[in-house]
Amino acid sequence: MRRTASPLSLILLGLGAFLLVLAPMLAWYVEPRAKRTPVDVDITTVFKGKGSYFDTEKIKTVRDQDLTITRQVRGDVADSEDSGRAIWDVSTSVDPDKSLPAADPHDSLQWTLERWITDRRTNAPVHCCGEEPYFEGEAYLKFPFDVEKRSYRWWDNTLGATVPLTYRGTKKIQGYEGLRFTGSVEATKTGTRQVPGRLVGQPKKSQVIADEYYANHGIELVADQRTGRIVYAAIGPRKTLRAPGSDKDATVLLDSERIAFTPATQKAQVDLAKDDSGRLELVGETLPVGAAALGGVLAVAGIVLVVRGRRDDGANGPGRRDESAEPGSPNPDTSPTALQPTTM
């Protein structure tokens, strides 16, 4: 009777084949689709540092003051799902201690409300859906996934243009390593403002259309390489007024050599980066490698059991000569007495 392969060998072979197919699917299909900018975000980051600002009550610039920048990012889930883009509403306020906590953002020293639209896969800007302001570049509130060790164009909303950020190696934030990028902005005219003439050295004029200038002492960003999430940020904004056509600052509106993520914000950003990066690593590396290795072992084991079973069947199957019979003796299965009656 002919025998078939054992159920165990078929199970091992089938499971091994399944895992071998699953491994490349996880790496080449599932993981790339998991790299999408989230839309259901609600994150607040806080910068703190020392600096100067123009006090409207004292009508002069006060120096060596504590300054706080608070940025809240909220995803518009409904509009994001309708458009297929990542739509984030961003509120940013700059406050000295005396305006904290601000009951109304309009009480802040400076306050802006923006709407950022990006491609969820590439992080490229998408100009639709009520975008404000119009922006360009490669990096904004985050870097693209799989950050490369090269220069990036970072959008500076105060400047209204991109700033080249140069790769400067790695840096650990709260014990977590990221890629470090730095840059700066030379004093650049960004607009005009009507102010009393005395603020720009022209006391005889009641009102003057002064030039607004912006510079940045230094920008430092540390990004998680896998997700592009910024785990540390430091900036050095400087905003001034100049008399029309002048090349010298007359009044300092805001100036800080360095204002950076607080330790609490650093920790929160690092925790989010670890979680997101860990999930992508699990889907893109750990599971595919594990599935391929285990699938290979199970498939080989199944094949070995199938082959071994067939050999065992062949050893005892029909047509196999009985090696226990004496040499030269007739085969009992083909003896005349076994196949037909004798004649008389």
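Everything in this summary refers to the structure shown in the same document. Treat the numbers as computed from the prediction; the structure is a model and nothing was measured.

1. So, the packing of aromatic side chains
- Across all of its chains, the model carries nine aromatic pairs by this definition.
- Taking 4.6 Å as the distance between ring centres and 55° as the angle between the ring planes, the aromatic pair formed by Trp116 and Phe135 counts as tilted. With Trp116 in strand β4 (residues 110-118) and Phe135 in the loop between β4 and β5 (152-156), the pair connects residues that are 19 residues apart, well separated along the chain. As far as burial versus exposure is concerned, Trp116 and Phe135 are alike and both buried.
- When the centroid spacing of 6.0 Å and the interplanar angle of 50° are considered together, the rings of Trp116 and Tyr140 count as tilted. One end of the pair, Trp116, is in strand β4; the other, Tyr140, is in the loop between β4 and β5, with 24 residues separating them in the sequence.
- Classification of Trp116 by relative accessible area gives buried; the value is 7%.
- Residue Tyr140 is classed as buried on the basis of its relative accessible area of 5%.
- By the ring-pair criterion, three or more aromatic residues cluster together here, those being Trp116, Phe135, Tyr140 and Trp155.

2. Considerations on unusual backbone geometry
- Here Glu132 and Pro133 are connected by a cis peptide whose omega angle stands at 5°.
- By the secondary structure assignment, Pro133 is in the loop between β4 and β5.
- Positive phi is not limited to glycine here, since Asp64 has a value of about 55°.
- By the secondary structure assignment, Asp64 is in strand β2 (residues 60-75).
- At Asp146, a residue that is not glycine, the phi angle is positive and equals roughly 55°.
- For Asp146, the location among the structural elements is in the loop between β4 and β5.
- The partly exposed category is assigned to Asp146, whose relative accessible area is 38%.

3. Examining the pattern of salt bridges
- Tallied over the full model, the rule gives 22 salt bridges.
- Of the charged contacts in the structure, one is a salt bridge between Arg180 and Glu220, with a shortest N-O distance of 2.7 Å. Of the two residues, Arg180 sits in strand β7 (residues 176-195) while Glu220 sits in strand β8 (residues 208-223), which places them 40 residues apart along the sequence.
- What makes Arg180 partly exposed here is its relative accessible area of 25%.
- A relative accessible area of 5% means that Glu220 is categorised as buried.
- In this structure, Lys267 engages Asp271 in a salt bridge whose closest nitrogen and oxygen atoms are separated by 3.0 Å. With Lys267 and Asp271 both in helix α3 (residues 263-316) and four residues apart, the pair spans about one turn of that helix.
- The class of Lys267 is partly exposed, set by a relative accessible area of 46%.
- Members of the salt-bridge network, linked through shared partners, are Asp76, Asp79, Asp89 and Arg115.

4. Observations regarding the environment of Lys239
- Among the secondary structure elements, Lys239 is positioned in strand β10 (residues 237-242).
- As a C-alpha pair, Lys239 and Thr188 span 51 residues in sequence and 9.6 Å in three-dimensional space.
- The contacts of Lys239, once residues within four sequence positions are left out, are Gln110, Thr158, Tyr213, Tyr214, Thr251, Val252, Leu253 and Leu254.

About the criteria used
Residues numbered from 1 in each chain as written. Predicted model: local features only at pLDDT ≥ 70, side-chain atom pairs only at ≥ 80, totals over all residues. Heavy atoms only, no water. Phe/Tyr/Trp six-rings, centres within 6.5 Å; stacked < 30°, edge-to-face > 60°. Helix = DSSP H or I, 4+ residues; strand = E, 2+ residues; numbered from the N terminus. Buried < 20%, exposed > 50% of the residue type's maximum accessible area, 1.4 Å probe, protein only. Salt bridge = Lys/Arg side-chain N within 4 Å of Asp/Glu carboxyl O. Contact = heavy atoms within 4.5 Å.

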